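# Remarks on the overall topology
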Amino acid sequence: MVGHNGTLYQFLLVLLFCSGLTAGTLEEVRERGKLRCGIVESSPGFSSIDDFGQRIGFDIDHCKTISAAVFGEIRIEYIPVTPHTVFTLLQSGEIDIFPDGATWSFIRDVSLGLDYTGVYLYAGQGFVVRRDAGVKSVTDLDGATICIAQGTTLEQNIADYFAANGMAYTPVTFADIDKGLQAYYADRCDAFTNERLSTAGRIANWPDRDEHLILDEVISKEPFAALVRQDDPRWRDIALWSFNVRFAAEELGINQENVDAVRENSQNAEIQRLLGLHGGFGQKLGLSDDWAYHIIKHVGNYNDMWERNFTPLGLQRGLNASWKDGGLHSALPFR
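Residues numbered from 1 in each chain as written. Predicted model: local features only at pLDDT ≥ 70, side-chain atom pairs only at ≥ 80, totals over all residues. Heavy atoms only, no water.

## Here's the deal with the overall build of the protein
Keep this limit in mind: Only DSSP runs of H or I with at least four residues qualify as helices, and only runs of E with at least two residues qualify as strands; both kinds are numbered from the N terminus onward. Relative accessibility thresholds used throughout: buried, under 20% of the residue-type maximum; exposed, over 50%; partly exposed, between the two (1.4 Å probe, protein chains only). Residue contacts follow a heavy-atom distance rule, with two residues in contact if any of their heavy atoms lie within 4.5 Å. We get accessible surface area from the Shrake-Rupley algorithm with a probe of 1.4 Å; when it comes to residues, only the shown protein chains can shield them. Charge counting follows a simple rule: Lys and Arg are positive, Asp and Glu are negative, and His as well as the terminal groups are ignored. All charge positions are set by atom: Lys at NZ, Arg at CZ, Asp at CG, Glu at CD.
Assigned secondary structure in the protein consists of 14 helices and twelve strands. Dimensions of the protein, computed from C-alpha atoms along their principal axes, come out at roughly 75 × 65 × 35 Å. Looking at the protein residue by residue over its 335 residues, the buried ones come to 49%. A fraction of 72% describes how many contacts in the protein between residues 6 or more apart in sequence connect residues 24 or more apart. With an accessible surface of roughly 15900 Å², the protein has 52% of that area assigned to carbon and sulfur atoms. Averaging the positions of the 29 positive and the 45 negative side-chain charges in the protein gives two centres separated by 4 Å.

Below, the structure written as C-alpha cells:
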C-alpha cells in the first residue's frame, strides 16, 4: 500500500511538472512571431479591404490592439471564419482570438470551453425593409418572410420575439449573413434581420440605399465581446485589459495623436501607470511595461476607432458612448 501511494505521488509530481512546461498562448504567439486573429470577411465598418488592399475596420483594430500589446507592433495573420467554423477553430488553437461580434450569451459562455473578454460593443438585432413596403414597425412584419443567417443568436431572438408578440413569420435561412442579405436584395423575402450596425455597414454602398429602411426598433440585446480559449487565464487577462486600455485612454484624454506628448509631460499617476512609466503593470501580464502605450500609438482610444470606422457610415455611438456622455462604457481603473 505504501509503495502504491508512493508511485501515485511520483506520477502526480511528473504530471504537475509536465503541465508547467505547457506553453501558454502568449508564448506560442511570440514563438510564432505573429498573432492569428479570426475575422469575418466583407463587413464594412467591422472588417473590409480598402482601395489600397489593406484590411480596415473595427474588428481589424481589435486584432491590432492585441498585436501591439504583445509585440509593440503589428504582426498579424488574419484567418477568415464563419459562424459555423469560428468556435471550432478557436477551440482547436487554429486562431488565438476571435474579436468579432460574438454575442455574450449563457450557453456560449458555459458550454464551449471559451472565455469572453469584456463587452466592447453594445448592439441589437434589427430589420431592414423596402421603404415602399410601408413597414414602419416590427409589428408590421406579422406573416412576413424574413431572411436570416444560420448559426447565430439571431434565429433564437426572432423566434422568441415573434412568439411573445403572437406574430407569425416564415424564416429563410442562409449559411452566412451576406447570402441572406443578397437574397433579401433579390426580393426573396420581405425583410432581412441582423445586428443593426453590421447591416448599416453592409448596405451603405448600395446604389439604391435610400430605397431601404433600417427599422428603429431592436428586438434583442447583443453585447459583443472577444473570445479566447478557457484554458489560459493570462491570455484572457491580456485581451480584457488590452481592450480596456482604449476606454481608459478616452476617459483620460489620451489619443493616437497626443500619446507621446502626454507620456512625456503628464503628472497624472494613473496615466503614468497606464503608459508604463512606473508600476510594472505590463510585467504582471508577461508583457513589456509600455504595452498600453503601443496600443494607443498603433490603434488609438475607443473614440479614435469609432471615428475611423463607424462615423463615415453615419453611425452614432449611442449606448457605446463613454459613461461621461451618457453611454455604457466605463474603463476599469489602472491601479
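## A word on the pairing of strand β7 (residues 125-130)
Heads up, the rule is: At least two bridges found by DSSP between two strands is the condition for calling them paired.
Taken across its six residues, β7 has six buried, putting it largely inside the fold. Burial along β7 is two-sided: Gln 125, Phe 127 and Val 129 and Gly 126, Val 128 and Arg 130, pointing in opposite directions, are all buried. Direction of pairing for β7 relative to strand β10 (residues 191-195): antiparallel, over a ladder of five bridges. Within the sheet, the bridge partner assigned to Gly 126 lies in β10 and is Asn 194. Sheet topology note: the β7/strand β11 (residues 212-214) ladder contains three bridges and is antiparallel. Directly across from Val 129, in β11, lies its bridge partner Leu 213.

## Description of the state of the cysteines
So the rule is basically this: In what follows, a disulfide is any cysteine sulfur pair within 2.5 Å.
All told, the structure shown has two disulfides when counted by the stated rule. With a sulfur-sulfur separation of 2.0 Å, Cys 37 is cross-linked through a disulfide to Cys 63. Taking the torsion about the sulfur-sulfur bond, which here is approximately -80°, the covalent link between Cys 37 and Cys 63 counts as left-handed. Taken together, the positions of Cys 37 in strand β1 (residues 35-39) and Cys 63 in helix α3 (residues 58-71) put the pair 26 residues apart, joining distant regions of the chain. Given the relative accessible area of 0%, Cys 63 is considered buried. In this model Cys 147 forms its disulfide with Cys 189; the gap between the sulfur atoms is 2.0 Å.

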